[in-house]
Amino acid sequence: MRKAIALLITLMFVMIISVAVGYGLSQMKKASKVTQDEDMLYRSTLIVGDVLTILKNSTDLNQLLDENSSADLYTFFQTTSYLPLNIGSEKVVLSLKSARSKININSLNKKNELLFRNYFNRYMIGSNYVDVLKDCMRKNQAKDEYNNYTSRLFDEYPSLFRDYIASKKHLMKINKFYLQEYGDMNLKMLPFDDLFCYRAAQNEAVDLNYATVDVWQLMLDTSKERAEILVQGEGAYNSIEDLQLTPEEKINLKKFKTTFYAPYIFVEIEIVRQKSISKIHFIYDIKLKKGYDFVFEV
């Protein structure tokens, strides 16, 4: 009965979003006098505003938060993972999923460094790669010492941001240097999109109900087959006991911050209009009713 109620809630949420975004798009025709890219940016901004308003005022999300249920949150994400909307000449695709399914690359530290190295070694990537990554994280630099980097990265890119790895684009520049410096083409085989997220906050927990196969492999230093078994149980985990880990796996997992309930939504919006495409993504905090880390691509 509880699952049926959760499903009904998410279906109502989908209907509300469809109507509200449709209304927002109908108002966009007034922007016809600006350039095409500016028009797309304007349209994107309006849609983001509509989506944020819906999320903030959603009684459905408030109810999920009140229940504090990982199962209900999982049902919500399963139902809203892909919402295609065709409105006039615009095609809008809205996707809502957990914002805590991946490892923040900036969580690399002394405690879990070996697990990162072991995971990369599965792809035959040299240990120098971890050293290059650490060079880009201020926390790994000794205090009151100048230029104690282990690589030539900042000789090649002296203006490159070095407090933390801020985005995938930032990481790709780091990877470009690594490929040029070490000629390790195995790096191209890494599934970055299934493995890492990029944020300044290093204390964000991975929600184990959404962790990907590659995330499990890295955190537990385990095989792909073992990780796939753990993924099959997603949505049903409420405690460490539910995972049925070995003693060694439990030790490895403690080297990362994890949780079984993280009410954060990764919102993705794609707008297609004639030959123009706009992509937006951001994170929505259900508790604080606030969006952050907005990225617009037109």
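Above this text is the structure in question.
This is a predicted model, so every value here is computed, not measured.

1. Structural notes on the overall build of the chain
Along the backbone of the chain there are 13 helices and nine strands. Residue pairs in contact within the chain that sit at least 24 positions apart in sequence constitute 64% of those at least 6 positions apart. Accessible surface, the chain: about 15,800 Å² in total, of which carbon and sulfur atoms supply 52%.

2. Here's the deal with the packing of helix 10 (residues 213–220) against helix 11 (residues 224–232)
Interaxial distance between helix 10 and helix 11 falls to 8 Å at its minimum, and their mutual angle equals 120 degrees. The pairing of helix 10 with helix 11 is recorded here as oblique in orientation. Two packed elements cross with a definite hand, and for helix 10 against helix 11 that hand is right-handed. Here Val213, Trp216, Gln217 and Leu220 of helix 10 come into contact with helix 11, specifically with Lys224, Ala227, Glu228, Leu230 and Val231. Among the residues forming the contact of helix 10 with helix 11, the class breakdown is six nonpolar, one polar and two charged.

3. What to know about the packing of helix 5 (residues 113–122) against helix 6 (residues 128–135)
Packed helix pairs are specified by the crossing angle of their axes together with the interaxial distance, meaning the distance between the axes. Put simply, helix 5 and helix 6 touch, their axes get as near as 9 Å, and they point 130 degrees apart. Here helix 5 lies oblique to helix 6, going by the angle between them. With respect to the hand of their crossing, helix 5 and helix 6 are arranged in right-handed fashion. Only Tyr129, Val130, Asp131, Leu133 and Lys134 of helix 6 make contact with helix 5, whose side of the interface consists of Glu113, Phe116, Arg117 and Phe120. Each residue belonging to the contact of helix 5 with helix 6 can be placed in one class, and the counts come to five nonpolar, no polar and four charged.

4. Some remarks on the pattern of salt bridges
Under the criterion given, the structure shown has 11 salt bridges. A salt bridge links Arg117 to Glu113, with the shortest nitrogen-to-oxygen separation between them at 2.7 Å. Of this pair, Arg117 and Glu113 both sit in helix 5, four residues apart, which is roughly one turn of the helix. The class for Arg117 is buried, based on a relative accessible area of 18%. Residue classification places Glu113 among the buried residues on the basis of a relative accessible area of 14%. Note that Glu113 is salt-bridged to Lys134, the shortest N-O span being 3.0 Å. Here Glu113 is found in helix 5, whereas its partner Lys134 is found in helix 6, with 21 residues between them in sequence. For the pair formed by Glu113 and Lys134, the shared burial category is buried. A single network of salt bridges, built from pairs that share partners, joins Glu113, Arg117, Asp131 and Lys134.

5. Section: the side chain of Asp184
Structurally, the position occupied by Asp184 is in the loop between helix 8 (168–182) and helix 9 (192–195). Within polar-contact distance, the side chain of Asp184 engages the side chain of Tyr178 at 2.8 Å. Dropping the residues within four chain positions of it, Asp184 is found in contact with Met124, Ile125, Gly126, Tyr178 and Leu179.

6. Describing helix 10
Summarising burial for helix 10: seven of the eight residues are buried, a large majority. Where helix 10 is concerned, the buried positions are Asp214, Val215, Trp216, Gln217, Leu218, Met219 and Leu220. Looking at the residues trailing helix 10, positive phi occurs at Asp221, about 55 degrees.

7. Points about a nonpolar patch on the surface
On the surface, Leu41, Phe294, Phe296 and Val298 cluster together to form a nonpolar patch covering roughly 340 Å² of accessible area. Leu41 sits in the partly exposed class, given a relative accessible area of 40%.

8. Some thoughts on helix 4 (residues 70–79)
Counting buried positions along helix 4 yields seven of 10 residues, so the element is predominantly enclosed. Between the side-chain oxygen at the start of helix 4 and the backbone nitrogen of Ala71 there is a gap of 3.3 Å, and the oxygen is on Ser69.

9. Thoughts on the pairing of strand 9 (residues 290–297)
Across six bridges, the pairing between strand 8 (residues 276–285) and strand 9 is antiparallel. Looking across to strand 9, one finds that Lys279 is bridged to Glu297. Linking strand 8 to strand 9, which pair antiparallel, is a turn of four residues; within it Lys289 sits at a positive phi near 55 degrees.

10. A short note on unusual backbone geometry
Backbone geometry at Lys289 places phi at a positive 55 degrees, although glycine is not the residue there. Its location among the elements puts Lys289 in the loop between strand 8 and strand 9. With a relative accessible area of 34%, Lys289 lands in the partly exposed category. Even without a glycine there, the phi angle at Asp293 is positive, about 55 degrees. Checked against the element boundaries, Asp293 lands in strand 9.

Criteria and cut-off values
- Within every chain, residues take consecutive numbers counted from 1 along the sequence as written.
- For this predicted model, a pLDDT threshold of at least 70 governs which residues receive local features, and a threshold of 80 or more governs which side-chain atom pairs are given and counted, while totals over whole chains, interfaces and linings are taken from all residues.
- Neither water nor hydrogens contribute to the side-chain values; these are computed over all heavy atoms in the structure.
- Going along the chain from the N terminus, every DSSP run of H or I of four or more residues is numbered as a helix, and every run of E of two or more is numbered as a strand.
- Two residues form a contact once any of their heavy atoms are found within 4.5 Å.
- Shrake-Rupley sampling with a 1.4 Å probe provides the accessible areas, and residues are treated as covered by the protein chains on show and by no other component.
- Angles run from 0 to 180 degrees between N-to-C directions of axes, and those axes are lines fitted to C-alpha atoms, restricted for helices to the stretch in contact.
- Between 65 and 115 degrees an angle is taken as roughly perpendicular, under 35 as roughly parallel, over 145 as roughly antiparallel, and anywhere else as oblique.
- Handedness of a crossing follows from how the near helix is turned relative to the far one, being left-handed for an anticlockwise turn of less than a right angle and right-handed for a clockwise one.
- Residues were grouped as follows: Ala, Val, Leu, Ile, Met, Phe, Trp, Tyr, Cys and Pro as nonpolar; Asp, Glu, Lys and Arg as charged; and all remaining residues, including Gly, as polar.
- The salt bridge criterion pairs a side-chain nitrogen of Lys or Arg with a carboxyl oxygen of Asp or Glu, the two atoms within 4 Å.
- Type-normalised accessible area, obtained with a 1.4 Å probe on protein chains alone, sets the label of each residue: buried when under 20%, exposed when over 50%, and partly exposed for intermediate values.
- Here a polar contact means two N or O atoms within 3.5 Å. Within protein one must be a hydrogen donor candidate and the other an acceptor candidate, and residues neighboring in sequence count only if both atoms are side-chain atoms.
- Each patch is built from residues that are more than 30% exposed by relative accessible area and take part in no salt bridge. Like charges join if they lie within 9 Å; nonpolar side chains (Val, Leu, Ile, Met, Phe, Trp, Tyr) join within 5 Å.
- Paired strands, in this sense, are two strands between which DSSP finds at least two bridges.

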